Each structure stands twice: as structure tokens, then as C-alpha cells.
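Examination of the molecular architecture
Read off the chains here:
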Amino acid sequence: MIKISNTLTRKKETFVPLINGHVSMYVCGPTVYDFFHIGNARTFITFDMVRKYLEFSGYKVTYVMNITDVDDKIIERANKEGISTKEVAEKYTEEFFRDVEALKIKKATFYPKATEHIEEMLELVQALEQKGIAYNSDGDVFFDISKDKNYGKLSGKKLENLQASERSEQGDKKNNFDFALWKSAKEGEPFWESPWGNGRPGWHLECSVMSSKYLGETFDIHGGGIDLTFPHHENEIAQSECSTGKPFVKYWMHAEFLNINDEKMSKSLGNFFTAREVLKKYPAEAIRMLFLQKHYKSPINYEVVFIEEAKNSVEKITNAYRRGLERAGVLKGGEFAYRNRIEDFKIGMDDDFNTAIGISIVFNSAKEINLLLEKDFLSEEDLDELNGELRFLEAADSILGILLPKSETGDKFNALMSVVLKLRSSLRDKKDWESSDLLRKELENIGIRINDTSQGTKWDLK
Ligand SMILES: [Zn+2]
């Protein structure tokens, strides 16, 4: 049984989907005005893992992520670069998909775009207006939060603290936290026709509309970064539940922050960087390891030493896996060891997707493989165990994505090591112990350990 920490109920609950064997899941996607930052990458990787674990557990998952392709930031960018908002959105949508693929994130079932769902958004605003929950103020349409007695239930905000009328940028609001469903068009902005004049949809509106269009009026899981809880997700609930009268989402999941060197990431602090920048220096597997070695509800601090450590970890695990494969030959059998590991892995992962435990089981498995590799001779039983461990690593990797791909450099490195070992063995044959020991020491200095066994010399990474 999978348990999920539900932000809405503030409880860890047993996951029971609306339709047996099927999961409907929505995660807030990018606003395509720039490359996405490494904090966004944490959210995307978290929910990629959640989706893959649900699939591994036998569910058929429909996964929807929206693309916000009309927004203030896109307009700003377009004006700055002297190109159209469409061009900005198209460029960064493409870049988004490139980074998603590089981060080994599985494609969503649907990536609906805001600009392709304007009709449905207008229908929702009209429905709310007819119910007297939305009001028009000079072409801007606002949601009246005082008409929604459940407003604040997700974030725990108290309505009385939110009320007070305010003159906003858009127009007159009845309460200061009333939010725009529809914004009237300003000079030079993209617009669509509406009963309230030319304008464009508000950001919160698109998630209510597109999630329900692809997943139904009530669906299972809604995810996003913790910073979206209020007002974005609160507003999604308000819009959807006030129009349908049904519960919007069963389980709300929020991934914690990523801090940079113990500080909140921000452009003004100069500690802001994109996933693309990190991917230039580190493999996707190291980034995934850095994030997934902690539970998604724990804050993570990003520092160079931590990503370096994560890179070492994925190298170690991959090394054990590759060398194990070489030794095992064809993978077969290993049921017992496989099932034991999977059971431990599931205990962790079933408990609110605790990848910290999942990854500790992966480390145990790699350690066991290394112990087996130290043996000169592998019995039937040893081979069976090795096979089970390798199969487990493959299964865990299908969810975590932390095994480095078989690379040309890796192959070259292995070939180079066999040249070095041949050279050392020829030195030993000539009884040139001094040179052979020097070689061993130099290798140790760079983290390669040499082991002489009755079956020849072996090496591994310390
Ligand atoms: Zn959203």
C-alpha cells in the first residue's frame, strides 16, 4: 500500500485512486520565457520519480503537465528582445523539452498549452460569473474569495486576514486576495476576444481548465513545488470546486525548496542557475542522485561539494553494476536476492516515496556486488545472488535514473585499465617489484585500487 503526505489533509494517507489500477496526475509545468532553473528541476524530477514508481507498482498513469505560453514574463521577454510572444514561447518550449530529456524525465501523456485552451477558460469564467462568484471590473474579471467559504483550506490561510479592498494594477478588487481570472488587454499585448472585451486568461485559470479537460473534474494527484501552494493551488481549488461543486483533487503533493549554498535561490543574490548550466558540468544521473537521496519533503541545499559527492556515488554504483554484469555474463535467475532487495526498496518507497531509503538499498546492493567481485571463484549460489542484485539495480534504476549510460569514455577507460594491468603483470614477471609497486601506488593516489588474486589482478574504484 502506497502512502502519500497529503498537503490538503496534512496527513499521510493510504493512496486509493478514483479508478482501480489507474492514476490521474497533474503537475504544474513551466512558464516558457527562459530556461528552467535547478529548483524547477527538483520538482520535475520528483514527480517523474513518483509517476515511475506508481507505474512500477502496476498502475496505469495519465500524467499531464501544462505549458504556460501566455504570461507577463513572456510578454516582457518578447518586448525586450523585439520578437513576438509566440516566438519566445516556442523557443523556450523547445528548450524545456531538451532539458527534460537530458534529465531522463519521462514524457508526460499530455502537455497542453494555455493558448490552445482559451475557449474552455472563457467557459469557466462565465460559469463563475453566472454563479455570482466572479465579477467584472473594467474588463478585468476577478474571483471573489469572500464567496468561497472553503477558501484557504489548502494553505491554511484565514480569510479574515486576506480581506480588505485594494486598488490593484488590473482594476478595483473587492478583497485584496481576489485574483484575476481574466485580464483586459493592455497596449501591445496578445489578446483574445471575450464577453468582457479583449484580454487574456489568468495563470491560475489555465491549470483548473486543462487538468479537468484531460483528467476529469476530480482527479487523483496534483503536484508542484511548495511555493505554488499559495496562492496558485489555493486558487485552482477555488475556481474548480466553485464551478463544479465537486472535490477537485484527492491528493496534493508538494516538493520542497532547493537552496543554493544555504540561501534561497534568487537572481539578485547571483546564486541563480539553470538546469542547462548544471547539465554542462554534471551528468543528469548526479543531479537526480543529489535530489533523490533526500525525501522530496526535505529541503535540499545545493553546493558544489554535494553535487560532486553525488557524482562520485553514481560512478561507484554504475561501476559495481557494469563490472558485475561483465562477471555474470547473461542475466538469469537470482529470484531470491532480487525479491529480498525489492521488498526492502518497496518498504521505503511505499512510505510517501521515500527515495532516501530507496537509494540506501541501492547502495547496499552495490556493496554486495563489490563483495562478490572480490571473490576469486563464484559458486552457483554466488552467481545467482549476483544476478539478483543486478536485476534489482536495473529495476531501481527504472525509477531513479541514476545509473550512468554505457559510454565510450567508460569503454575506453576499461580498455586503458587492462593495458595498465598487462604492463604491471609484465613488470612482475620480470621481478621488477619497485616499478610494479610504484604503479600500484600511483593508481591508488587517483582512487584506483589494485587487487592481486589467484585469478589475476583486479581493479576497482575506491
Ligand atoms: Zn498550476
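Since this is a predicted model, take the numbers as computed values, not measurements.

Our focus in this paragraph is the overall build of the chain. Secondary structure assignment for the chain yields 15 helices and 17 strands. Each of the three principal axes of the chain carries a C-alpha extent, and together these read 95 × 50 × 35 Å. For the chain, the exposed surface amounts to about 21,900 Å²; the carbon and sulfur share of it is 50%. Distance between charge centroids for the chain: 3 Å, based on 65 positive and 76 negative side chains.

With antiparallel pairing, 4 strands are arranged side by side in an open sheet as β5-β6-β9-β10. Two strands lie at the open edges of the sheet, namely β5 (134-137) and β10 (199-201), each paired on one side alone. Ignoring strand direction, the axes of neighbouring strands in this sheet form an average angle of 25°.

Ligation of the zinc ion by protein atoms is provided by Cys-28 (SG), Cys-207 (SG), His-232 (NE2) and Glu-236 (OE), these donors lying 2.0 to 2.7 Å from the ion. Taken together, the 4 donor atoms surrounding the zinc ion define angles of 73 to 134° at the centre, an arrangement classified as irregular. Written as a sequence motif, the donor residues of the zinc ion are C-x178-C-x24-H-x3-E. Taken together, the residues Cys-207 in helix α6 (residues 203-215) and His-232 in helix α7 (residues 229-244) connect sequence positions 25 residues apart. Note on accessibility: Cys-207 and His-232 belong to one class, buried.

Glancing now at the pairing of strand β9 (residues 179-184). Residues in a regular strand project their side chains so that they alternate between the two faces of the sheet. Of all the 6 residues making up β9, 5 are buried; the element is thus mostly covered by neighbouring parts of the structure. Both strand β6 (residues 140-143) and β9 contribute to a ladder of 3 bridges, which runs antiparallel. What sits directly across from Val-141, in β9, is Trp-182. Pairing of β9 with β10, which is carried by 3 bridges, proceeds in the antiparallel orientation. Opposite Ser-184, over in β10, you have Gly-199 as the bridge partner.

Another aspect to go through is the nonpolar core. Nonpolar side chains in soluble globular proteins tend to be buried together. Core analysis: the biggest nonpolar cluster contains 86 residues, and Met-25, Ile-38, Leu-54, Leu-103, Tyr-302 and Phe-353 have the highest contact counts within it. Ranked by residues supplied to this core, first place goes to helix α1 (residues 38-56) with 9 residues. Inspection of this core shows a minimum of three residues originating in each of domain 1 (3-264) and domain 2 (304-400). In this structure, Leu-54 is in contact with Ile-2, Phe-15, Val-23, Met-25, Tyr-59, Val-61, Ile-221 and Phe-353, ignoring residues within four places of it in sequence. Core analysis: the second largest hydrophobic core is formed by 37 residues, Tyr-26, Ala-114, Cys-207 and Ala-238 among them.

A few words on helix α10 (residues 304-328). In this model, α10 (25 residues) spans 36 Å end to end at C-alpha, consistent with the 36 Å of a helix rising 1.5 Å per residue. Those residues of α10 not exposed but buried are Ile-307, Ala-310, Ser-313, Val-314, Ile-317, Thr-318, Asn-319, Ala-320, Tyr-321, Arg-323, Gly-324 and Ala-328. Its buried side turned inward, α10 meets α9 (284-292), β15 (300-302), α12 (355-374), α13 (380-400) and β17 (456-461). Positioned one or two residues after α10, Gly-329 has a phi angle of 75°, which is positive.

Let us now look at the sheet that holds strand β13 (residues 258-260). The sheet built from 3 strands is open, its strands ordered β14-β13-β15 with mixed pairing. Looking along the sheet, the strands with just one partner apiece sit at the ends: β14 (263-264) and β15. As paired elements, β13 and β15 share 3 bridges and run parallel to each other. Along β15, the bridge assignment pairs Asn-259 with Asn-301.

Many structure descriptions define interface size as the accessible area lost when the parts assemble. What the domain assignment lists for the chain is domain 1 (3-264), domain 2 (304-400) and domain 3 (410-461). The centre of domain 1, based on its C-alpha atoms, is set 57 Å off from the matching centre of domain 3.

To continue, consider the pattern of salt bridges. Two side chains of opposite charge can pair, provided their charged atoms sit close to one another. The tally for this structure, following the rule as stated, stands at 29 salt bridges. As a salt-bridge pair, Glu-94 and Arg-98 come within 3.7 Å of each other at their nearest N and O atoms. Pair noted here: Glu-94 and Arg-98 are both in helix α3 (residues 85-102), with a separation of 4 residues, about one helical turn. Residue Glu-335 is joined to Arg-339 by a salt bridge in which the shortest nitrogen-to-oxygen separation is 3.8 Å.

Now for the environment of Ile-448. Along the chain, Ile-448 turns up in strand β16 (residues 448-453). Owing to a relative accessible area of 4%, Ile-448 belongs among the buried residues under this scheme. If we skip the residues at most four places from it in the chain, Ile-448 touches Phe-413, Met-417, Leu-443, Trp-459, Asp-460 and Leu-461.

Each neighbour pair has its own omega, and for Phe-230 with Pro-231 the value is 5°, a cis peptide bond. By secondary structure assignment, the location of Pro-231 is in helix α7. Phi is positive for Asn-261, which is not a glycine, with a value near 45°. Looking at the secondary structure, you find Asn-261 in the loop between β13 and β14. Here Asn-261 falls in the partly exposed class, since its relative accessible area comes to 45%. Residue Asp-352 is not a glycine yet carries a positive backbone phi of 60°. Turning to its location among the elements, Asp-352 is positioned in the loop between α11 (335-350) and α12. Classification of Asp-352 as buried rests on a relative accessible area of 2%.

Here the structure, examined in full by the defined rule, presents 21 aromatic pairs. Residues Tyr-53 and Phe-56 carry aromatic rings whose centres are separated by 6.1 Å and whose planes lie at 25° to one another, so their mutual orientation is stacked. With a gap of 3 residues between them, Tyr-53 and Phe-56 both fall in helix α1, about one helical turn apart. Since its relative accessible area comes to 0%, Tyr-53 is described here as buried.

Parameters at a glance
- Residues numbered from 1 in each chain as written.
- Predicted model: local features only at pLDDT ≥ 70, side-chain atom pairs only at ≥ 80, totals over all residues.
- Heavy atoms only, no water.
- Helix = DSSP H or I, 4+ residues; strand = E, 2+ residues; numbered from the N terminus.
- Areas by Shrake-Rupley, 256 points an atom, 1.4 Å probe, with all protein chains shown as cover.
- Lys, Arg positive; Asp, Glu negative; His and termini not counted.
- Charge placed at Lys NZ, Arg CZ, Asp CG, Glu CD.
- Pairing = 2+ DSSP bridges.
- Axes fitted to C-alpha atoms, helices over the stretch in contact; angles between N-to-C directions.
- Donors = N, O, S within 2.8 Å, 3.2 Å for Na, K, Ca; no water.
- Tetrahedral: all angles 85-135°; square planar, octahedral: opposite > 155°, others 65-115°.
- Buried < 20%, exposed > 50% of the residue type's maximum accessible area, 1.4 Å probe, protein only.
- Core = buried A, V, L, I, M, F, W, Y, C linked by side-chain atoms within 4.5 Å.
- Domains from an automatic or database assignment.
- Contact = heavy atoms within 4.5 Å.
- Expected span 1.5 Å × (residues − 1).
- Salt bridge = Lys/Arg side-chain N within 4 Å of Asp/Glu carboxyl O.
- Phe/Tyr/Trp six-rings, centres within 6.5 Å; stacked < 30°, edge-to-face > 60°.

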